[in-house]
Amino acid sequence: GQNIDQPTEMTATEGAIVQINCTYQTSGFNGLFWYQQHAGEAPTFLSYNVLDGLEEKGRFSSFLSRSKGYSYLLLKELQMKDSASYLCAVRDRDYKLSFGAGTTVTVRA
Amino acid sequence: IAGITQAPTSQILAAGRRMTLRCTQDMRHNAMYWYRQDLGLGLRLIHYSNTAGTTGKGEVPDGYSVSRANTDDFPLTLASAVPSQTSVYFCASTPTSGSGSGELFFGEGSRLTVL
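Each residue is numbered by its place in its chain's sequence as written, counting from 1. Naming scheme: in the order in which they are written, chains are lettered from A and ligands are numbered from 1. Note on the predicted model: pLDDT of at least 70 is required for a residue's local features to be given, and 80 or more for side-chain atom pairs to be given and counted; whole-chain, interface and lining totals, by contrast, use all residues. Working from all heavy atoms in the structure, the side-chain values ignore hydrogens and water.

Engineer: Can you break down the packing of aromatic side chains residue by residue, with the values?
Structural biologist: Only Phe, Tyr and Trp rings take part, Trp by its six-membered ring, and two of them pair if their centres are within 6.5 Å. Stacked means planes under 30 degrees apart, edge-to-face means over 60, and tilted covers everything else. Within this structure, the stated rule accounts for 16 aromatic pairs over all chains. Ring centres of F99 of chain A and Y35 of chain B lie 5.4 Å apart, and the angle between their planes is 90 degrees; this geometry places the pair in the edge-to-face category. Taken together, the residues span two chains, with F99 of chain A in strand β10 (residues 97-99) and Y35 of chain B in strand β4 (residues 31-38). Pairing F99 of chain A with F106 of chain B gives two aromatic rings, centres 6.2 Å apart and planes at 65 degrees, and the pair type is edge-to-face. Pair noted here: F99 of chain A is in strand β10 and F106 of chain B is in strand β10 (residues 105-106), and the two residues belong to different chains. Look at F106 of chain B and you get buried, because its relative accessible area is 10%. In textbook terms, an aromatic cluster arises when at least three aromatic residues are bridged by ring pairs, as seen for F33, Y35, F45, Y48 and F99 of chain A together with Y33, Y35, F90 and F106 of chain B. Criterion for a charge above a ring: Lys NZ or Arg CZ within 6 Å of the ring centre, and within 35 degrees of the ring normal. The ring of F74 of chain B carries R68 of chain B above its face, with NZ or CZ at 6.0 Å from the centroid. The secondary structure listing takes helices from DSSP runs of H or I that are at least 4 residues long and strands from runs of E that are at least 2 residues long, numbered from the N terminus. Each residue's exposure class comes from its accessible area (1.4 Å probe, protein chains only) as a fraction of the maximum for that residue type: buried when under 20%, exposed when over 50%, partly exposed otherwise.

Spelled out as structure tokens, the structure:
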């Protein structure tokens, strides 16, 4: 099974940078995902890491260290529309995804 | 528009009643999943299916059943609903072959209230 931990809440100012950490313990690692979920909506895919290192996609970057069971999602140049919940998820070898409880990010003007 | 369709969008149900949440995808994804989302607990896997004709139990399967008669449909049934099954239910799918990352594609969710 998976044990996935991420902070409950974070607050940042528009234009700033926020880093959301995620630690996990898994019985069979097969990839780590980050999803964004706005209130009342379905989660949408942000990023995927299966090898160690940094993956960059525009204002969003995600990092993975498999040996440490650690990932982070970096959000740069924060915009008001980035206020949402960010979900860390780990996939196992059976293609099942387990999710953390999510981090609610509030962007203030 | 290709994607995943869930129905109903919202439902209020009396305890003890039987309820089926429908999920259909037209992306020919072989794997499908049902999650429930509760405040503070995140998304928890109920049941999954890696291919038509097979199903498996997730983290919280009790009180729920699924079937996968074909690739496109993956209904979730609550045989006798209880108030603790009040939740938002998300159906998702993914291709487990090919060159993509295999991210999950989610339906819009079904909000179920059991009284």
